[in-house]
Amino acid sequence: MTVRIAVVILLALTGSASAHAFLLHARPAAGATLVSPPKDVNLDFSEALEPTFSNVAVVDGSGHPVTAAASAARGTRMSVALQPLKPGAYSVTWHALSVDTHRTQGSFRFTVKPR
Amino acid sequence: MPLHLGLCRDQRVKHALAYCLSACACCGIAADASAHGIVGDRFFPATITTDDPFAADELALPTITAFNHETDYDFDYSKSIFPGFAVSVGAGYADGHDASGFSNVSVTSALELFRDEEDETILTAGFIWEIGGSGSKAVADRFSTYTPEVLFGQGFGDLPDSMALLRPFAITGQIGFKVPGTSLASKAVQWGGALEYSLRYLQTNVRDQGMPLFVEQLTPIVEYSFESPTDAGGGETTGTLNPGLIWSGQYTQFAVEAIVPVNAATGKTIGMIAQAHFYIDDIFPSSLGRPIFR
């Protein structure tokens, strides 16, 4: 109970507390194997993002970019459209700057493997 | 997962050491700005038995330790002075079977010497000054102790695809040399660290397991902490192994660990340690949570 009270007091004192933007959901998901190629990558974060300094890149197994446009961040979501993907493994690398200027980054892979 | 830079691990280690020595020679020019526990893709939760290698704005309040017929209530507040350098103050109250009272105040400085975001590596130099006589005579030493130490953190994110499920593992470590300000006590090597498995890293960087957020924020951990006296007659090595669990939220973390003594000289029963920890840099991002000098 004491801890709960302390948290409430601390958060109440800050008013506009904000934190590191951690990745909550990704579509495609990390490590996913997809039957049909995705048209875009969508990442949802725990905090609102600073659009100018947040971005996501997608490359194929040879390291060539496969994005169809520049990535965009709006609110807590970052997304990027993809070129038509061939079967193979792809790497997603993201950098996020939360609105209070905390930086986070991450990367994962997904695979396109039609039946 | 981090991208490789075309260097083998030995080369990278050499580069790391060269960086470290250069940093020391230049009177400790710190690395880039730091946040609590983050290096590259990796988030290291704050360890509760051993020191971790981060110079950050954070508050541990309280840390409750029940071991060897004594219960300790401690706090520790760390303030970043400039990015990569922080000073912390810690103290507490010991409620023992035979005696009770306030423990000595400790002042610790931590200077981040090297960071490699790609390799999830961090190396830090620290110095602990336990101020003798600042606590109660009943439980605290009258003499000061001085402990220079080196700390590190290393994520396993660059393991090959065949070992992908091991990438969430990370280790932290510390080794220090404790020098008491009296000839009546032995000098000692203090060494310890942690082996941890980040479910968040598994979920977001390796393979989405569909875990609920609460589970994703858990980190199973085993900490170990030892002290080996170096003077003749200083006694045998003592230490504990502490398996436990840390939950890390956006602003706080809560941790609980068992304390398992490694020998009879350390203790005969299993104890417990628990801590509430606050990420001040996230709670007060534009005031108290920022370095004084940027």
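Because the structure is predicted, anything quoted here is derived from the model rather than measured.

A. Quick peek at the overall build of chain B. Looking only at helices and strands, chain B has 4 helices and 15 strands in total. Per-residue burial for chain B yields a buried fraction of 41% across its 294 residues.

B. How the structure looks around the overall build of chain A. For chain A, the helix and strand inventory stands at 1 helix and 8 strands. Within the span of chain A, comprising 115 residues, buried residues form 30% of the whole. Here the analysis covers contacts within chain A between residues at least 6 apart in sequence; of these, 61% occur between residues at least 24 apart.

C. Region of the structure containing the nonpolar core. Among the nonpolar cores identified, the biggest contains 23 residues, and Leu43(A), Phe45(A), Leu49(A), Val56(A), Met78(A) and Ala96(A) are the most heavily contacted of them. Contributing elements (two or more residues each) for this core: strand S1 (23–27), strand S3 (40–45), strand S4 (55–60), strand S6 (77–81), strand S7 (88–97) and strand S8 (103–112) of chain A together with helix H2 (199–206) of chain B. The biggest single contributor to this core is S7(A), with 4 residues. Setting aside residues up to four positions removed in sequence, Val56(A) forms contacts with Val41(A), Leu43(A), Ser71(A), Met78(A), Val80(A), Val92(A) and Trp94(A). Ranked by size, the runner-up nonpolar core spans 17 residues in total, among them Ala110(B), Leu113(B), Leu123(B) and Ala170(B).

D. Representation of unusual backbone geometry in the model. Looking along the chain, the bond that leaves Arg27(A) and enters Pro28(A) is cis, with omega of 5°. Position of Pro28(A) relative to the elements: it lies in the loop between S1 and strand S2 (33–34). Residue Leu61(B) is joined to Pro62(B) through a cis peptide bond whose omega torsion reads -5°. Within the secondary structure, Pro62(B) sits in strand S3 (residues 58–67). Residue Glu120(B) is not a glycine yet carries a positive backbone phi of 60°. Given 25 C-beta atoms within 10 Å, Glu120(B) falls into the buried group.

E. Broad picture of the confidence of the model for chain B. All names here are of chain B. The pLDDT averaged across chain B works out to 90; a share of 88% of its residues lies at or above 70. Scored below 50 in pLDDT, residues 1–34 makes 49 contacts in the model with residues more than four places away or belonging to other chains. Here the predicted complex scores 0.87 on pTM and 0.89 on ipTM.

F. Looking closely at the environment of Leu218(B). Residue and element names in this part refer to chain B. Structurally, the position occupied by Leu-218 is in strand S12 (residues 218–229). Owing to 17 C-beta atoms within 10 Å, Leu-218 belongs among the partly exposed residues under this scheme. With 153 residues separating them in the primary sequence, Leu-218 and Thr-65 have C-alpha atoms 21 Å apart. Once residues within four sequence positions are removed from consideration, Leu-218 is found in contact with Leu-199, Leu-245 and Trp-247.

G. Representation of the sheet that holds S2(A) in the model. Residues and elements named next belong to chain A. Within the open sheet, the 4 strands sit side by side as S2-S8-S7-S4. Their pairing is mixed. Where the open sheet ends on each side, the last strands, each with one partner, are S2 and S4. Here S4 runs beside S7; their pairing, made up of 6 bridges, is antiparallel. Bridge assignment links Asn-55 to a residue of S7, and that residue is His-95.

H. Spatial organisation of the interface of chain B and chain A. Counting residues at the interface gives 22 residues for chain B, matched by 24 residues for chain A. Mapped onto the side of chain B that touches chain A, the elements with two or more residues apiece are H2, strand S15 (271–279) and helix H4 (280–283) of chain B. The element best represented in the side of chain B that touches chain A is H2(B), accounting for 4 residues. By residue class, the composition of the side of chain B that touches chain A is 11 nonpolar, 7 polar and 4 charged.

I. Region of the structure containing the environment of Asn242(B). Residue and element names in this part refer to chain B. Structurally, the position occupied by Asn-242 is in strand S13 (residues 238–248). Note on Asn-242: 25 C-beta atoms within 10 Å, which makes it buried. Considered as a pair, Asn-242 and Tyr-224 are 18 residues apart in the sequence and their alpha carbons are 5.9 Å apart. With near-sequence residues (within four places) excluded, Asn-242 lies in contact with Thr-49, Val-222, Glu-223, Tyr-224, Glu-257, Ala-258, Ile-259, Val-260 and Ile-273.

J. Fine view of the sheet that holds strand S5 (residues 72–74) of chain A. Residues and elements named next belong to chain A. Read across the sheet, 4 strands follow the order S1-S3-S6-S5 without closing on themselves; strand pairing throughout is antiparallel. Whereas interior strands pair on both sides, the edge strands pair on one side only; in this sheet they are S1 and S5. On average, adjacent strands in this sheet sit at an angle of 15° to one another, irrespective of strand direction. Relative to S6, S5 is paired through 3 bridges, and the arrangement is antiparallel. Bridge pairing in S6 places Ala-72 opposite Ser-79.

K. How the structure looks around the pairing of strand S5 (residues 85–96) of chain B. Residues and elements named next belong to chain B. Across 12 bridges, the pairing between strand S4 (residues 70–82) and S5 is antiparallel. When the bridges of S5 are listed, Asp-72 appears paired with Ala-94. Between S4 and S5, which follow one another and run antiparallel, lie 2 residues, and Gly-84 among them has a positive phi close to 90°. Note: S5 against strand S7 (residues 106–116), 6 bridges, orientation antiparallel. Paired with Val-87 across the strands is Ser-109, a residue of S7. Where S5 hands over to strand S6 (residues 100–102), the hairpin turn is made up of 3 residues, counted between the paired strands.

Calculation rules
- Counting starts from 1 at the beginning of each chain's written sequence and moves along it residue by residue.
- Labels are handed out in written order, letters beginning with A for the chains and numbers beginning with 1 for the ligands.
- Reporting in this predicted model follows two pLDDT cut-offs: at least 70 for local features of residues, and 80 or more for side-chain atom pairs to be given and counted; totals over whole chains, interfaces and linings ignore these cut-offs and use all residues.
- Secondary structure counts use DSSP, requiring at least four H or I residues in a row for a helix and at least two E residues in a row for a strand, with both numbered from the N terminus.
- Our exposure labels follow a C-beta count within 10 Å of each residue's own C-beta, placed from the backbone: buried means 20 or more other C-beta atoms, exposed means 12 or fewer, and partly exposed covers the counts in between.
- By definition, residues are in contact whenever their C-beta atoms, placed on the basis of the backbone, come within 7 Å of each other.
- A set of buried Ala, Val, Leu, Ile, Met, Phe, Trp, Tyr and Cys residues, joined to one another through C-beta atoms within 7 Å, is what we call a nonpolar core.
- Values of pLDDT, which run from 0 to 100, indicate the predictor's confidence residue by residue.
- A pair of strands counts as paired when DSSP detects no fewer than two bridges linking them.
- Nonpolar residues are Ala, Val, Leu, Ile, Met, Phe, Trp, Tyr, Cys and Pro. Charged residues are Asp, Glu, Lys and Arg, and all others, Gly as well, are polar.
- In this description, a line fitted to the C-alpha atoms serves as the axis of each element, helices being fitted only across the stretch in contact, and the angle between N-to-C directions of two axes falls anywhere from 0 to 180 degrees.

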